[in-house]
Amino acid sequence: MSLLPAVVALGDDALVLGQRLSEWCGKAPLLEEEMAMANTALDFLGRARLYYGYANTLGGRDEDGYTFHRDAREYTNLLLFELPGADFAAATARQFLVDAFDELHSAELANSADATLADIGAKVHKEATYHRCHSAAWMVRLGDGTDESRRRMQQALEDVWGYRQELFVNAPAEQPLVEQGILPDRAELRAAWQEAVATTLAEATLTVPAASWAVKGGRQGIHTEHLGVMLAELQHLSRSHPGAKW
Amino acid sequence: MAAASDEFQARIDREERIEPQDWMPEGYRRTLVRQISQHAHSEVIGMQPEGGWISRAPSLERKVILLAKVQDEGGHGLYLYGAAETLGVSRDELIDAMHTGKAKYSSIFNYPALTWADVGAIGWLVDSAAIVNQVPLQRCSYGPYARAMMRICKEESFHQRQGYDIMLALARGSAAQREMAQDALNRWWWPTLMMFGPSDADSIHSSQSFAWKIKRYGNDELRQKFIDQAVPQAEVLGLKIPDDDLQWDAATGHYRIGAIDWDEFQQVVSGNGPCSRQRLAHHRQVQEDGAWVREAVAVHAAKHRAGSDGPKAAARNSDTAQEGRADAAV
Ligand SMILES: [Fe+2]
Ligand SMILES: [Fe+2]
């Protein structure tokens, strides 16, 4: 039974970032990149549906129950995923840090002792590898582009950097599942992640930020103020018509 | 020159495809640039009214379907900008022409999408109308345009179905949902009929376009085709078409409609639609916000052109746009 909240949490991560990415529709700097961001958004939303669907078979709600009928305090996504990323530098920096993590995490998840999670992990791994290539290329292009683009990217990295720490913490509910080989041990992914990120940042002529600050709380439902606003928009129509089918 | 233009017309008459490297009259080229770019701009501006509802879609499944639909429209824009570029104009020039009001886009997108039912009505009516318009364009005499239309038409039927499916769910839903659906039909019906343009008698671009086989059917003929399809569909939905003069004409086998308000059409076409300013301002703002990114892409590509990773990075950049034209835009 303790598997359920862990699966929902992974669904929440995917859902809120899928929503953030879909907000870029009609706003990207190049039409080609607009297509790419929509693809990534569709992958994350698809992932959310897989996790929520699995949660449903474990006795949880259905996907719309999770998406539309929980308040911000009940969402357990990590904070990094919910940040607005409202300009292209912020969106790109966040996406790169997430993709680099997902690539490593999904590779381990694909070996899960739980068959469903292993299947999801294998699917996510294919996507995440592709996403990481794409977002790393953008880091390099913008870091090693103009003076302005380098300045913007360095600033975006500094602004998001403290949110990375949560990626490497196993929540109390997750710890026993880590021990049973059902979930990857997040703490063990840190070194490889740091190396992967440092390699790309070096190629991008960007500096790895000084690592002194950390913001945490997502898995406990202690979010940024941004999540409530996002959910207000995401949920209002569904909640305005209780019981309606769409 | 007369010989060249006679030979050109003869090729058209033989239903041969004209390709970018072929000789063509300047008027033919200009007509195509105008039509293809207007079409491309319509796809891109058309992302706005529906795109605004992705974040608010009422179920996760609807969200995903709508995002995929709006993404397709952006893809259509890319195919069409590509087709226009074969005529020797850049995407930047075409976009500038839209920003300065020289180039138009379909007036339909200057109406607001006020409720979720509007997303359904747009897919059902506007995409249906687009299909009726676009199917004959697959046989347009200009090869790149015809081929772009073939790719586009394949995707449009999914758009129409997702819209109709939204309407169907609303029509079978609660009283509030049915009301939402009727209200959307009321607001989108007449603007959709206007999408086909003025009556052929009043259309300024028609006759030469027929001779060049850019156009194959008249505006009224296409409009009638749409009406004959849409009226029975509205009946299945149990919704009322907002036209008291609408009636079946057994003699012709077509539905007859009341008078179209062409003054409203002229107003919207000349940039005074309810959302005309908003749509252009949004597009301009996005272009401005993204200027530093496009500049960085160009500078990065120039720095690394000599090196081995230039083409690789460009290929990665344009992953969904197989044309690989990310750099052409900057
Ligand atoms: Fe389209
Ligand atoms: Fe469409």
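Here's what I pulled together on the structure shown here. (Residues numbered from 1 in each chain as written. Chains lettered and ligands numbered in written order. Predicted model: local features only at pLDDT ≥ 70, side-chain atom pairs only at ≥ 80, totals over all residues. Heavy atoms only, no water.)

Residues and elements named next belong to chain B. At 2.0 to 2.3 Å from the iron ion (ligand 1) lie its protein donor atoms, namely E43 (OE), E73 (OE), H76 (ND1) and E156 (OE). Positions of the donor residues of the iron ion (ligand 1), expressed as sequence spacing, correspond to E-x29-E-x2-H-x79-E. Between the iron ion (ligand 1) and the iron ion (ligand 2), a spacing of 3.3 Å is present, and a bridge between the two is formed by E73. With H76 in helix α4 (residues 60-85) and E156 in helix α7 (residues 143-171), this residue pair connects regions lying 80 residues apart in the sequence. By the burial criterion, H76 is buried, and E156 matches it. (Donors = N, O, S within 2.8 Å, 3.2 Å for Na, K, Ca; no water. Helix = DSSP H or I, 4+ residues; strand = E, 2+ residues; numbered from the N terminus. Buried < 20%, exposed > 50% of the residue type's maximum accessible area, 1.4 Å probe, protein only.)

Contacts between chain A and chain B engage 52 residues on the former and 54 residues on the latter. Buried area between chain A and chain B, both sides added, is near 4600 Å², and the carbon and sulfur share of it is 66%. Among the residues of chain A in contact with chain B, E32, R141 and W246 of chain A are the three that bury the most area, contributing 18% of the side total. The tally of links from chain A across to chain B stands at two salt bridges. Elements represented by at least two residues in the side of chain A that touches chain B include exactly α1 (3-22), α2 (31-57), α3 (63-68), α5 (88-109), α6 (115-143), α7 (147-161) and α10 (225-240) of chain A. Among the elements that line the side of chain A that touches chain B, the one with the most residues is α2 of chain A, at 13 residues. A per-class count over the side of chain A that touches chain B returns 26 nonpolar, twelve polar and 14 charged. (Contact = heavy atoms within 4.5 Å. Buried area = accessible area lost by both parts, 1.4 Å probe. Salt bridge = Lys/Arg side-chain N within 4 Å of Asp/Glu carboxyl O. Nonpolar A, V, L, I, M, F, W, Y, C, P; charged D, E, K, R; others polar.)

For the structure shown, the criterion picks out 33 salt bridges over all chains. Between R152 of chain A and E148 of chain A there is a salt bridge whose closest N-O contact spans 2.9 Å. Of the two residues, R152 of chain A and E148 of chain A both sit in helix α7, four residues apart, roughly one turn of that helix. Within this structure, E7, R11, R14, E16 and D22 of chain B form a network of salt bridges that share partners.

A few words now on the packing of α6 of chain A against helix α13 (residues 291-304) of chain B. At a closest axis distance of 8 Å, the pairing of α6 of chain A and α13 of chain B adopts a crossing angle of 85°. By the angle between their directions, the pair α6 of chain A and α13 of chain B is classed as roughly perpendicular. Where α6 of chain A approaches α13 of chain B, its residues W138, V140, R141 and L142 of chain A are matched on the opposing element by W292, V293, A296, V297 and H300 of chain B. Residues belonging to the contact of α6 of chain A with α13 of chain B are distributed by class as follows: seven nonpolar, one polar and one charged. (Axes fitted to C-alpha atoms, helices over the stretch in contact; angles between N-to-C directions. Parallel < 35°, antiparallel > 145°, perpendicular 65-115°, else oblique.)

To continue, consider unusual backbone geometry. Of all residues except glycine, most have a negative phi; of all peptide bonds, most are trans. Phi at T205 of chain A takes a positive value of approximately 55°, unusual for a residue other than glycine. In this fold, T205 of chain A is placed in the loop between α9 (190-203) and α10. Even without being glycine, E15 of chain B reaches a positive phi, approximately 65°. Structurally, E15 of chain B is set in the loop between α1 (2-13) and α2 (26-45).

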